[in-house]
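# Working through the structure, step by step
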Amino acid sequence: MEPALHAGDLIVYRRTGAILTQGDLVVFEHRGTLVVHRVVGVLKDGAVRTRGDANDVVDAEPVPAAAVRGEVALTVPAGRLIASLAEAND
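Residues numbered from 1 in each chain as written. Predicted model: local features only at pLDDT ≥ 70, side-chain atom pairs only at ≥ 80, totals over all residues. Heavy atoms only, no water.

This part covers the sheet that holds strand E4 (residues 48-51). The five strands are arranged E1-E5-E2-E3-E4 in an open sheet whose pairing can be described as antiparallel. The open sheet has two edge strands with one neighbour each: strand E1 (10-15) and E4. On average, each strand axis in the sheet is inclined to that of its neighbour by 55°, with strand direction left out of account. Pairing between E1 and strand E5 (residues 68-76): six bridges, direction antiparallel. Counterpart to Val12 in the pairing with E5 is Leu74. (Pairing = 2+ DSSP bridges. Helix = DSSP H or I, 4+ residues; strand = E, 2+ residues; numbered from the N terminus. Axes fitted to C-alpha atoms, helices over the stretch in contact; angles between N-to-C directions.)

Written out as structure tokens, the structure is:
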């Protein structure tokens, strides 16, 4: 999800009941794994089209509304902090 998120960053998400809109960061389940991607479109049935910020193309399959766990409410840039500390120690 770079540049918005980096490996090791922490996110806090709220379970969604709200209407998702283009640009929202969402957490969803895909093949047993939680994924964070940005909403690029919302379909009439409530499914969302998503794309990772580091990806050039939209995800192949829409995410069903039932698979969406929530919307990202807060990010803590721990990944950038950890990376800069590691570089400082090299």
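That shown, we press on.
This part is about unusual backbone geometry. Of note, Arg31 is a non-glycine position whose phi angle comes to about 55°, a positive value. With respect to the helices and strands, the residue Arg31 is situated in the loop between strand E2 (25-30) and strand E3 (33-42).

On to a nonpolar patch on the surface, then. A cluster of nonpolar side chains, contributed by Leu10, Val12, Leu74 and Val76, occupies part of the molecular surface with about 330 Å² of accessible area. Along the polypeptide, Val12 turns up in strand E1. (Patch = residues over 30% accessible without salt bridge, like charges linked within 9 Å, V, L, I, M, F, W, Y side chains within 5 Å. Areas by Shrake-Rupley, 256 points an atom, 1.4 Å probe, with all protein chains shown as cover. Salt bridge = Lys/Arg side-chain N within 4 Å of Asp/Glu carboxyl O.)

On to the pattern of salt bridges, then. All chains considered together, the criterion is met by three salt bridges. A salt bridge links Arg14 to Glu71; the nearest nitrogen and oxygen atoms lie 3.9 Å apart. One end of the pair, Arg14, is in strand E1; the other, Glu71, is in strand E5, and 57 residues separate them in sequence. Its relative accessible area of 14% is what places Glu71 among the buried residues. (Buried < 20%, exposed > 50% of the residue type's maximum accessible area, 1.4 Å probe, protein only.)

Function cannot be read off these values alone, since they describe shape.
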